Each structure stands twice: as C-alpha cells, then as structure tokens.
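One letter stands for each residue in the lines below.
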Amino acid sequence: MDRERDLDAAAEQLRGAEASAVESSNALATVTGERDDLARDVERLAALARQERLRRRAPSFEALLAAYAAQHSAAVKAGDRSLSPMAQVPYKLRNYSLAQSHGVRSPKIHGVWTSRKDVTLRDISVDRVVLKGDGGHSAQGVFPLERTARGWRSTDGSIDFAGDEVPEAMRTALGKARAPFFAEEFLESPSGWAIPEDVKLYCAYGQVMQVYIMRSSSDGSMERQRFSSRFLDSRGEPLGEIRNGLAYDESIDVPANFPQLVEAAQHLSLASGLPFVRVDMYATAAGPVLGELTSVPSGGKQSYVESHDKAMGLSWVHGAARLERHLMEGRPVGTLFGDQEYSWWYPAAKDPSNMHNPSNWLRNHTRCQDWCQSAS
C-alpha cells in the first residue's frame, strides 16, 4: 500500500511538473513573440527616424536617388524615349556605340540576333563569349560561356550543352532581358580571376563620387550573393564598409589602370548629359572597357552611412549645377556622341514612330573637347 501511495504521489508530481512545463512553454512563446514584435517595432521606428533625418538634412544621396528613380519611371511611362537621355541609358549596345564615339573601348561583338529564337553559337569563331540581351540588370540573362570538346559550358559549370544551339532554358532566361541579343568578347581579368572585376564608378556630371569594385566568386558564378565588394574614392583610397548588406574584401587590389578608369568614366558622364550616372567599367590588361551605364542603381534603393550619404548628396547637387551651367553656355541638351568612328548594331527601324527603337533616336555629335573633357 505504501508503495502504491508513493507511486500515486510521484505520478501526481509528474503531472504537476508537466502542467508547469506547458505553462512555462506557453509563457516563453508569448515572451518570444512579444520580443519579436518589439524588435520589428524598433526596426520600423529606426527606419522612420532615418527617413526623417534624410528629409530634414539636405542633400542626401539616398533621397536624391529615390527621387531620380521616380523621375526615371515617369520618363519611361511618357513613351517617347527619344526625348529623355535618362530613358535611353538601359540600352547596352547604344552605350557601347556612345563609348566608342568618345574613344572608350567596348567589348567586341561576335554576333547580334533580333529574336531569342535566332540565337546560335554556330558562327562564333572564338572559344569564350558572353551571351546577353540589350536590356536587363544585375546579371539577369547574362551567360559567360566557354567552348568544350562537345559544345559549350558556363564558366561556373552550371550549364553544359552539346553542339552550338542554345538550350531552351537559356533562351527563356534571355527573354527576361530585351532584344537584340548578342555575343560579346569575354574579357580577361589582369588579376587572373575567372571573371574580370566589375568597377562601378558613381559620377556626378563629370566627377567620380565613389568607386565600387565587385568581384565574382572564384568559380566565375554570376550569383550576386556570392560576390565580394570594396569601396574606394576617386583617388583609389579605401572608404571602408560604408554600405550594409555586402560581403567586404579589402584584399581586392586597386586596378593598375585606376586613373584611366576614372578619366573614362568622367568623360562618359559628361557625354551622358545627366546629373548622375553610374559608369560600369572593366579593368583589363588592354585598358578600361565599358560594361554598361546605369542611371538608377538598385532600383533607386541604396543606403550608406550618414556622413558618406551627405558627401555624395553634395557631389550630386554640385554636378547638377555644373550641367545647368553648361546648358546655359550652349551645350546641346541630352546625350552627346563624340567625333570618333563607332559601330551601330541596331537594325533599321521599320516604323519611324517607334521610339523604343534606338535607331529612331536623334544622335547629336560633337567634338569631345567641346563639352566632354572638363567638368569645370
């Protein structure tokens, strides 16, 4: 009997302990939920406080870029891209022509196709190319390819196919970009990296505000989350970790031809006719090569530490003032092509009223020394 009473008492204690554990677990869940809610509230209030500081503190690069993105959307919705130098920026082949006209090298083009269905590597004579579309961003629809004994493969090995006909999955991915589609020169990195470092120069009408170097993973993957980063000023001095959310690598070397990269970016910035543009370059052994122009990086959403945000905001408004002065002094409005020969890869427009076709846009030409060699 004593043992039974002891067993019942132990069972009762166990039930009490279990009930207490359930209550504690529920209490913990409640506390954890309240903590998470509080953390979200703190994050939201911090974002609101930052926005208020930016609103009250002029100028701010973050605020200016957000407004610039809205202006870009309005220009695109207006329809006639011939009347907006900002709306013309996302056209890669047009930017290659612009660079050539100012003596800045662009990648050699090995083939151009007006439809993704027509894309083929059959007539490509080199062993490495980059296949891409005229539109797109953040490496969307970009394929660095190298020839193999049986066909082609991507540099990171994620794509491998026999023959010269592009797989349907690649054609679908290209469709996320914009025609025409083209195969361009595969640029070699002087550092021996699989993909050349992407040198992004933020320019305020003729002056470089900062330089953002992006390096791919060692296997050449185009996945942005695997890239590493470093920021420099226009003299090549490090700026440190000025932007959150990036993987930093301060061992990334300053390109040997850094002054030439800065000079080329400043020249193209002046030619663009925009108060702000990002000039994306590649530092190759043969010298600077244009990658693309970008008017609204990250869709207009970039945040920096406040001191740097203010410094870049000041540079932006000074650039806008320089552009305004040049316009008053007689600079033609819009993008200016230079006085050197260049290729034009777009087909002739069948419909002269189609202002989405760059062949219908007026191309103003000028001597480089007139408006594109000095930001003073």
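These numbers were taken from a predicted model, which means no experiment stands behind them. (Residues numbered from 1 in each chain as written. Predicted model: local features only at pLDDT ≥ 70, side-chain atom pairs only at ≥ 80, totals over all residues. Heavy atoms only, no water.)

Asks: I'd love a proper account of the overall build of the protein chain, names of residues and values included.
Replies: Helix and strand counts for the protein chain come out as eight helices and 13 strands. Relative to its length of 376 residues, the protein chain is extended, with a C-alpha radius of gyration of 27 Å against a globular reference of 21 Å. By principal-axis analysis of the C-alpha atoms, the protein chain measures approximately 110 × 60 × 45 Å. The buried share of the protein chain, taken over its 376 residues, is 47%. In the protein chain, once contacts between residues fewer than 6 apart in sequence are set aside, the share between residues at least 24 apart is 66%. (Helix = DSSP H or I, 4+ residues; strand = E, 2+ residues; numbered from the N terminus. Rg over C-alpha atoms; globule rule 2.2 N^0.38 Å. Buried < 20%, exposed > 50% of the residue type's maximum accessible area, 1.4 Å probe, protein only. Contact = heavy atoms within 4.5 Å.)

Asks: Got a sec to walk through the pairing of strand β11 (residues 287–294)? Specific residues and values, please.
Replies: Where burial is concerned, most of β11 is hidden: eight out of the eight residues are buried. Bridge count for strand β10 (residues 277–284) against β11 is seven bridges, and the pairing is antiparallel. Pairing of M281 across the sheet is with L290, part of β11. Hairpin connection from β10 to β11: two residues lie between these consecutive antiparallel strands. (Pairing = 2+ DSSP bridges.)

Asks: So what's going on with the nonpolar core? Residues and values would help.
Replies: Ranked by internal contacts, the top residues of the largest apolar core, which has 54 residues, are F61, L201, V211, F276, V279, M281 and L290. Not counting chain neighbours up to four residues away, the residues in contact with F61 comprise Y202, M209, F276, Q302, Y304, D309, M312, G313 and W316. Formed by 16 residues, the second largest nonpolar core is a distinct cluster that contains W113, V119, V129 and I159. (Core = buried A, V, L, I, M, F, W, Y, C linked by side-chain atoms within 4.5 Å.)

Asks: Talk me through the sheet that holds strand β1 (residues 109–113); I want residue IDs and the actual numbers.
Replies: With antiparallel pairing, six strands are arranged side by side in an open sheet as β1-β6-β2-β3-β4-β5. What marks the edges here is a single partner per strand, and that holds for β1 and β5 (160–162). Here the average twist between neighbouring strands, direction ignored, is 25°. Across three bridges, the pairing between strand β4 (residues 151–154) and β5 is antiparallel. Pairing of R153 across the sheet is with D160, part of β5. Here helix α4 (residues 92–101) sits on the sheet in contact with β1, β2 (128–133) and β6 (181–185), set at roughly 40° to β6. (Axes fitted to C-alpha atoms, helices over the stretch in contact; angles between N-to-C directions.)

Asks: Account for the pattern of salt bridges, with residues named and values stated.
Replies: Counted by the stated rule, this structure contains 18 salt bridges. Close ionic contact of R128 with E146 constitutes a salt bridge, the shortest N to O distance being 3.7 Å. Linking R128 in strand β2 with E146 in strand β3 (residues 143–147), this pair joins segments that are 18 residues apart in sequence. Judged by its relative accessible area of 27%, R128 falls in the partly exposed class. In this structure, the salt-bridge partner of K200 is D280, at a minimum N-O distance of 3.1 Å. You can see K200 sitting in strand β7 (residues 198–204) and its partner D280 sitting in strand β10, a full 80 residues away along the chain. (Salt bridge = Lys/Arg side-chain N within 4 Å of Asp/Glu carboxyl O.)

Asks: Which residues make up unusual backbone geometry, and what values go with them?
Replies: Cis rather than trans, the peptide bond between A179 and P180 has omega equal to 0°. Checked against the element boundaries, P180 lands in the loop between α5 (168–174) and β6. Even without being glycine, S298 reaches a positive phi, approximately 55°. For S298, the position within the fold is in the loop between β11 and α7 (306–328).

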